Amino acid sequence: MPYSTQPRRAGRFSPSRSRKGVQRLLVGAFFACTASLAIASTYPERPIRMMIPFPPGGPNDVLGRLLATEMGNDLGKPVVIENKGGAGGTIGADMVAKSAPDGYTLILGGTASFGIAPSLYSKLPYDAEKDFDAVGMVGTSPSLLVVGARQPYRSVQELIAHAKASPGKVNFASAGVGTPTHLAAELFKSMAGVDIVHVPYRGGGPALNDLLAGQVEMYFSGIVAAVPLVKQGALRALAITSETRSEQMPDVPTMAESGLPGYAIENWFAIFAPAGTPKDVIDRLNESLTKVVQMPAVKRKMLELNVDPRTSTPEELATYRAKEIKKWAALVKQAGITPE
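### What to know about the side chain of Thr-181
Next up, step 1: Mapped onto the fold, Thr-181 is located in helix H6 (residues 180–192).
Next up, step 2: A distance of 2.8 Å separates a polar atom in the side chain of Thr-181 from the backbone nitrogen of Ala-175.
Next up, step 3: Within the structure, the side chain of Thr-181 is placed 2.8 Å from the side chain of Thr-179, a separation counted as a polar contact.

Listed below in structure tokens is the structure:
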């Protein structure tokens, strides 16, 4: 007989089955692609929440509200700010990490919550890398090494010379244990080879008040808070912590120019979303953020806040975040810092 009448054995190759399998794969891929495009084309459909993990009124809050307004205009839906301060930004970050990864919850994070916290807190309730998808960089802001106007120091080298001549006599303020203001001083202490005493405060305001009153001698202040006081003559700026001089204070030398080559610390700001947020949504948010940061009016306002505008792709931000975590971890370990 030319054709067999025996039933086909299970598992035997069948051209028709093979074709059907390929068809199913193609149909599945088509619908997956269509669904992805649908998300991208309709997003956002409702207001977006942007978490600021610090109290209202500070530089993070002011910057976040500026971005939220313009991104809302670009996306066609409001971007609503929610402030949740505490524990160096980690409380707000934890809330976002546990939010639905649908593109409707974002966080304006940075140095404290995504760079320092992973090595500072042994039981951090979130993973700064695994629990967040990078959206894009916003900008960077250096710190200023400032002393009271009544202090005799006119340069970093004069300060170092005095500290070496009087070990344990020079004290420095910080906004709290493990804050960027603390770690900037610890890096200075290590690189300059000086014995200076840490005096932690509960925030930058009290630290600046005691610096102005002469209770402490030096402080690595955020540039936003320090510039007005320097211009008023209440404080003296000895150096800036960025790799290059600031356009806002071109006469202030860098720490490297002041005799500490390799010293560079900047606070940074970036937007993240909960891990698992659809890639098309991340790309749409990055597109909007990049457009907003590059607006002349936004750039101008950011520079007024002493934040240097800086954009990135999500991938570039993810790489930057990983490098920052390693850098701060080494410094925290070297200084033996533990949170209070």
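### Things to note about the nonpolar core
Next up, step 1: Membership of the largest hydrophobic core comes to 32 residues, with the highest contact counts inside it found for Phe-188, Met-218, Phe-220, Met-255 and Tyr-263.
Next up, step 2: Counting only elements with at least two residues in this core, the list comes to helix H4 (111–120), strand S4 (132–148), helix H5 (156–165), H6, strand S7 (218–222), strand S8 (235–240) and helix H11 (314–335).
Next up, step 3: Broken down by element, this core gets its largest block of residues, six residues, from H6.
Next up, step 4: With residues up to four places along the chain from it excluded, the contact list for Phe-220 reads Ser-143, Leu-144, Leu-145, Thr-181, Ala-184, Ala-185, Phe-188, Thr-241, Met-255 and Tyr-263.
Next up, step 5: Counting residues in each nonpolar core, the second largest holds 30 residues, with Ile-52, Met-71, Tyr-104 and Val-293 among its members.

### Digging into H11
Next up, step 1: With 22 residues, H11 should cover 32 Å at 1.5 Å per step; its first-to-last C-alpha distance of 32 Å lies within 8% of that length.
Next up, step 2: Considered for burial, the residues of H11 that qualify are Pro-314, Leu-317, Tyr-320, Arg-321, Glu-324, Ile-325, Trp-328, Leu-331 and Val-332. Each buried residue of H11 lies within a common arc of 145° when the element is viewed along its axis, so the set occupies one face. Looking at H11, the residues exposed on the side facing more than 90 degrees away from the buried face are Lys-323, Lys-326, Lys-333 and Gln-334.

### A few points about the packing of aromatic side chains
Next up, step 1: The full count for this structure, using the stated rule, is nine aromatic pairs.
Next up, step 2: Measuring from centroid to centroid gives 5.6 Å for Tyr-126 and Phe-132, while their planes differ by 90°, and the two rings are edge-to-face. Accessibility assignment for this pair places Tyr-126 and Phe-132 in one class, buried.
Next up, step 3: Residues Phe-188 and Phe-220 carry aromatic rings whose centres are separated by 5.9 Å and whose planes lie at 55° to one another, so their mutual orientation is tilted. Note that Phe-188 is positioned in helix H6 and Phe-220 in strand S7, a separation of 32 residues in sequence.

### What about the pairing of S7?
Next up, step 1: Within S7, four of the five residues are buried, which leaves the element mostly enclosed by the surrounding structure.
Next up, step 2: In terms of strand pairing, S4 meets S7 through five bridges, oriented antiparallel. Bridging across to S7, Leu-145 finds its partner in Phe-220.
Next up, step 3: Here strand S5 (residues 171–174) runs beside S7; their pairing, made up of two bridges, is parallel. What sits directly across from Ala-173, in S7, is Tyr-219.

The rules behind the values
Residues numbered from 1 in each chain as written. Predicted model: local features only at pLDDT ≥ 70, side-chain atom pairs only at ≥ 80, totals over all residues. Heavy atoms only, no water. Helix = DSSP H or I, 4+ residues; strand = E, 2+ residues; numbered from the N terminus. Polar contact = N/O pair within 3.5 Å; in protein donor to acceptor, adjacent residues only side chain to side chain. Core = buried A, V, L, I, M, F, W, Y, C linked by side-chain atoms within 4.5 Å. Buried < 20%, exposed > 50% of the residue type's maximum accessible area, 1.4 Å probe, protein only. Contact = heavy atoms within 4.5 Å. Expected span 1.5 Å × (residues − 1). Arc of directions from axis to C-beta. Phe/Tyr/Trp six-rings, centres within 6.5 Å; stacked < 30°, edge-to-face > 60°. Pairing = 2+ DSSP bridges.

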